[in-house]
Amino acid sequence: MLILSARSEVEDKVEGLDAGANDYLAKPFHLAELEARIRSLTLRQFTQQGVLLTCGGLRFDTRSRTAAVNGQTLTLTRKETGILEYLMVHQGRPVSQEELMEHVWDNSVDSFSNSIRVHISALRKKLRAALGYDPVRNRIGEGYLMGGEEA
């Protein structure tokens, strides 16, 4: 991650880098310098340590991008995997359809399409079959919420 900012104080740069950025470039800057920094970042090999997300009996490995229930791997499509990962990363807060479109779909998705609902429906069906309950809840007017077994 490269931070481009108008804040040029050393404290701002340190805060940005400590927050996880790989580089920090303060405005104004020359386009050639930005291009060089982007080239430098894309040549680096970033390794992510395995992060295991859990929700009840569901486990999601962010490194292998696989989901499992009781050790049994779930067969998910790429979109279902993206939706599940995003919901699990944001457990405890509602995620809107617009947010899912922005983070899981590319720019070609039609915002009036029911594609998201179709993929979420298919994902929820698979989760219900594996877990015996649906860990995804709808919050009317807010979005989808990843949570535990409904009472």
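Above this text is the structure in question.
Residues numbered from 1 in each chain as written. Predicted model: local features only at pLDDT ≥ 70, side-chain atom pairs only at ≥ 80, totals over all residues. Heavy atoms only, no water.

(A) Looking closely at the overall build of the chain. Helix and strand counts for the chain come out as five helices and eight strands. Its helices and strands taken in sequence order, the chain reads β-α-β-α-β-β-β-β-α-α-α-β-β from the N to the C terminus. Looking at the chain residue by residue over its 151 residues, the buried ones come to 35%. For the chain, the share of sequence-separated contacts (at least 6 apart) that also reach a separation of at least 24 residues comes to 38%. When the accessible surface of the chain is split by element, carbon and sulfur atoms take 49% of a total near 10,000 Å². (Helix = DSSP H or I, 4+ residues; strand = E, 2+ residues; numbered from the N terminus. Buried < 20%, exposed > 50% of the residue type's maximum accessible area, 1.4 Å probe, protein only. Contact = heavy atoms within 4.5 Å. Areas by Shrake-Rupley, 256 points an atom, 1.4 Å probe, with all protein chains shown as cover.)

(B) Structural context of the sheet that holds strand S4 (residues 58-61). If you trace the four strands from one edge of the open sheet to the other, you get S3-S4-S5-S6, paired in antiparallel fashion. The open sheet has two free edges, formed respectively by strand S3 (52-55) and strand S6 (72-73), since each of these has just one partner strand. Across two bridges, the pairing between strand S5 (residues 66-69) and S6 is antiparallel. Bridge assignment links Val-69 to a residue of S6, and that residue is Gln-72. Contacting S3, S4 and S5, helix H3 (residues 78-89) runs over the sheet at an angle of about 105° to S4. (Pairing = 2+ DSSP bridges. Axes fitted to C-alpha atoms, helices over the stretch in contact; angles between N-to-C directions.)

(C) Seen up close, the packing of helix H4 (residues 97-104) against helix H5 (residues 115-131). The contact between H4 and H5 brings their axes to 10 Å, and the two run at 90°. In terms of their interaxial angle, H4 and H5 are classed as roughly perpendicular. Touching Gln-97, Leu-100 and Met-101 of H4 are Ile-116, Arg-117 and Ile-120, all from H5. By residue class, the composition of the contact of H4 with H5 is four nonpolar, one polar and one charged. (Parallel < 35°, antiparallel > 145°, perpendicular 65-115°, else oblique. Nonpolar A, V, L, I, M, F, W, Y, C, P; charged D, E, K, R; others polar.)

(D) Just the nonpolar core, in detail. If you look at the biggest cluster of nonpolar residues, it comprises 27 residues, and the most contacted ones within it are Leu-58, Ile-83, Leu-84, Met-88, Leu-100, Leu-127 and Met-146. Elements supplying a minimum of two residues to this core: S3, S4, S5, H3, H4, H5 and strand S8 (143-146). Residues within four places of Ile-83 in sequence aside, it is in contact with Leu-100, Val-104, Trp-105, His-119, Ile-120 and Leu-123. (Core = buried A, V, L, I, M, F, W, Y, C linked by side-chain atoms within 4.5 Å.)

(E) Seen up close, the pairing of S8. Bridge count for strand S7 (residues 136-139) against S8 is four bridges, and the pairing is antiparallel. Considered in S8, the bridge of Arg-137 is made with Leu-145. Where S7 folds back onto S8 in an antiparallel hairpin, the turn is made up of three residues, including Gly-141, whose phi is positive at roughly 80°.

(F) Focus on the pattern of salt bridges. Tallied over the entire structure, the rule returns nine salt bridges. In this structure, the salt-bridge partner of Glu-33 is Arg-37, at a minimum N-O distance of 2.8 Å. Here Glu-33 pairs with Arg-37, and both are found in helix H2 (residues 31-43), just four residues apart, close to one helical turn. Here Glu-33 falls in the partly exposed class, since its relative accessible area comes to 33%. For Arg-37, a relative accessible area of 23% gives the class partly exposed. Note that Arg-65 and Glu-85 form a salt bridge whose closest N and O atoms lie 2.8 Å from each other. Taken as a pair, Arg-65 in the loop between S4 and S5 and Glu-85 in helix H3 lie far apart in primary sequence, 20 residues in all. (Salt bridge = Lys/Arg side-chain N within 4 Å of Asp/Glu carboxyl O.)

All quantities given are derived from atomic positions and should not be read as evidence of function.
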